[in-house]
Amino acid sequence: MTFPPNLDPDLRAALEAAPPLSYDLNTADLAQVRRGRAAACLPPGAGTKVSDVDADGLRLRVYRPAGAGDEPLPCLYWIHGGGMVIGLPEMDDSRISRFVEALGCAAVSVDYRLAPEHPYPIPLNDCYRGLVWTAENAAALGVDADRLAVGGNSAGGGLAAGLALLARDRGGPRLRFQLLLCPMLDDRDDTASAAQFEEAVSWPRGNNRFAWKAYLGDLADVPVYAAPARATDLSGLPPAYVDVGELEVFRDEDALYALRLAAAGVPVEFHLWPGAFHGFAGALPDTPIGRRSTAEQIEALRRGFVGGGI
């Protein structure tokens, strides 16, 4: 694989030592890709207790600090990535445990159904159903329903942004914060960064096109909840943290979304990580830039749980 000349040197060294798994979703066996991704899941940290609950037929994975009492904790409602076509909650066990152990918070990760077998609106509806169940069962879960944040990575970040819009418009659970990490927001594939990173270190343009097609099918009119970048009204949303790598397809759509949130009066913090590729913080968390980005996410979430902006 040829790396961009301005790739962060620490990320370059890590990738050269252990080349990343790459695949073309347009030609790959999707079932095999899913199995490979499931087999690569890293375990949670020793300071995190993990359990699964059945939320009326929907699996939710619950994380709490090991040794925590029964006091209600602030909670991050998390949505995993994978382009809406691959992934499962376990793939973020390690990342979520870093949040839980640093903040003393709880987290709930939803096992939503995947496209193309389950296209829009099924994945988003699963996420919303799990959020409502979490809020309604907060006492049993040991979480504080008044300190709920929503977050996700990549496709999960896009679903989290759509979920914030849906909760606002349906009068659903009140969200304190949205943590949108390299979110997948725009199906239109018409930004400069989309063209610039036709061949990317992670999540090239062809995979992105495949994923949107799998998720949206033959929809003639794409709803804003499916592709939040299409939303014209971003007012009344919870404060947001948005980050993205410089060297990825989602760079421009994420930067524009952050600016539009600010223009709508939503408190927002935006980070463009120089020399970084899509999903770098999850893939290589122990690189210097991976540690920096994780620390920034933790601090943003800490402020988000308090409320009143970031």
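What comes next is a walk through the structure. Here the structure is a predicted model, which means the values were calculated and not measured. (Residues numbered from 1 in each chain as written. Predicted model: local features only at pLDDT ≥ 70, side-chain atom pairs only at ≥ 80, totals over all residues. Heavy atoms only, no water.)

**Examining the overall build of the chain**
Thought 1: If you tally the helices and strands in the chain, you get eleven helices and eight strands.
Thought 2: Oriented by its inertia axes, the alpha-carbon framework of the chain measures out at about 50 × 45 × 40 Å.
Thought 3: For the chain, the residues scored as buried account for 55% of the 310 residues in total.
Thought 4: In the chain, of all internal contacts separated by at least 6 residues, the share reaching a separation of at least 24 is 77%.
Thought 5: Here the chain has roughly 12,400 Å² of accessible surface; of this, 53% comes from carbon and sulfur atoms.
Thought 6: Considering the chain, the positive charge centre built from 28 side chains and the negative charge centre built from 40 side chains are found 2 Å apart. (Helix = DSSP H or I, 4+ residues; strand = E, 2+ residues; numbered from the N terminus. Buried < 20%, exposed > 50% of the residue type's maximum accessible area, 1.4 Å probe, protein only. Contact = heavy atoms within 4.5 Å. Areas by Shrake-Rupley, 256 points an atom, 1.4 Å probe, with all protein chains shown as cover. Lys, Arg positive; Asp, Glu negative; His and termini not counted. Charge placed at Lys NZ, Arg CZ, Asp CG, Glu CD.)

**Concerning the sheet that holds strand 7 (residues 240-245)**
Thought 1: Across the sheet, eight strands lie side by side as 1-2-4-3-5-6-7-8; this open sheet has mixed pairing. Each having just a single partner strand, strand 1 (48-55) and strand 8 (268-273) make up the two edges of the open sheet. For this sheet the average axis-to-axis angle between neighbouring strands, irrespective of direction, equals 20 degrees.
Thought 2: Two elements, strand 3 (residues 73-79) and strand 5 (residues 143-153), share six bridges in a ladder whose sense is parallel. (Pairing = 2+ DSSP bridges. Axes fitted to C-alpha atoms, helices over the stretch in contact; angles between N-to-C directions.)

**Concerning the packing of aromatic side chains**
Thought 1: One pass over the full model with this rule turns up four aromatic pairs.
Thought 2: Three or more aromatic residues joined by ring pairs form one cluster here, namely Tyr120, Trp212 and Tyr215.
Thought 3: For Arg170, the ring lying beneath its charged end belongs to Tyr128, and the centroid distance is 4.8 Å. (Phe/Tyr/Trp six-rings, centres within 6.5 Å; stacked < 30°, edge-to-face > 60°. Lys NZ or Arg CZ within 6 Å of the ring centre and 35° of its normal.)

**Description of the packing of helix 4 (residues 122-136) against helix 6 (residues 155-170)**
Thought 1: For the pair helix 4 and helix 6, the least separation of the axes is 10 Å and the interaxial angle reads 60 degrees. When the axis of helix 4 is compared with that of helix 6, the two are oblique. Taken as a pair, helix 4 and helix 6 cross one another with a handedness that is right-handed. Across the interface between the two elements, Leu124, Asn125, Cys127, Tyr128 and Leu131 from helix 4 touch Leu159, Gly162, Leu163, Leu166, Ala167 and Arg170 from helix 6.
Thought 2: Class assignment for the residues of the contact of helix 4 with helix 6 results in eight nonpolar, two polar and one charged. (Parallel < 35°, antiparallel > 145°, perpendicular 65-115°, else oblique. Left-handed = near helix turned anticlockwise from the far one by under 90°. Nonpolar A, V, L, I, M, F, W, Y, C, P; charged D, E, K, R; others polar.)

**Quick word on helix 3 (residues 93-103)**
Thought 1: Across the eleven residues of helix 3, eight count as buried, placing the element largely inside the fold.
Thought 2: Among the residues trailing helix 3, Gly104 stands out with phi positive, at a value near 65 degrees.

**Focus: the environment of Gly245**
Thought 1: One can find Gly245 in strand 7.
Thought 2: Separated by 64 residues in sequence, Gly245 and Leu181 have C-alpha atoms that sit 9.5 Å apart.

**Structural notes on the pairing of strand 5**
Thought 1: Counting buried positions over the eleven residues of strand 5 gives eight, a clear majority of the element.
Thought 2: With five bridges connecting them, strand 5 and strand 6 (residues 177-181) associate as parallel partners. Its bridge partner lying in strand 6, Val150 is registered against Gln178.
Thought 3: Of the crossover connections in this fold, the one passing from strand 5 over helix 6 to the parallel strand 6 is right-handed. (Right-handed = clockwise from strand over helix to strand, strands pointing away.)

**Considerations on the pairing of strand 7**
Thought 1: Where burial is concerned, most of strand 7 is hidden: six out of the six residues are buried.
Thought 2: Of the two faces of strand 7, both are covered, the one formed by Ala240, Val242 and Val244 as well as the one formed by Tyr241, Asp243 and Gly245.
Thought 3: As paired strands, strand 6 and strand 7 are joined by four bridges and run parallel to one another. Counted as the bridge partner of Leu179 is Tyr241 from strand 7.
Thought 4: Two strands pair when backbone bridges link them, and strand 7 and strand 8 are joined in this way by six bridges, in the parallel orientation. In the sheet register, Val242 faces strand 8, and the bridge partner there is Phe270.
Thought 5: In this region the chain leaves strand 7, passes through helix 9 (residues 251-263) and returns to the parallel neighbour strand 8; the handedness of that crossover is right-handed.

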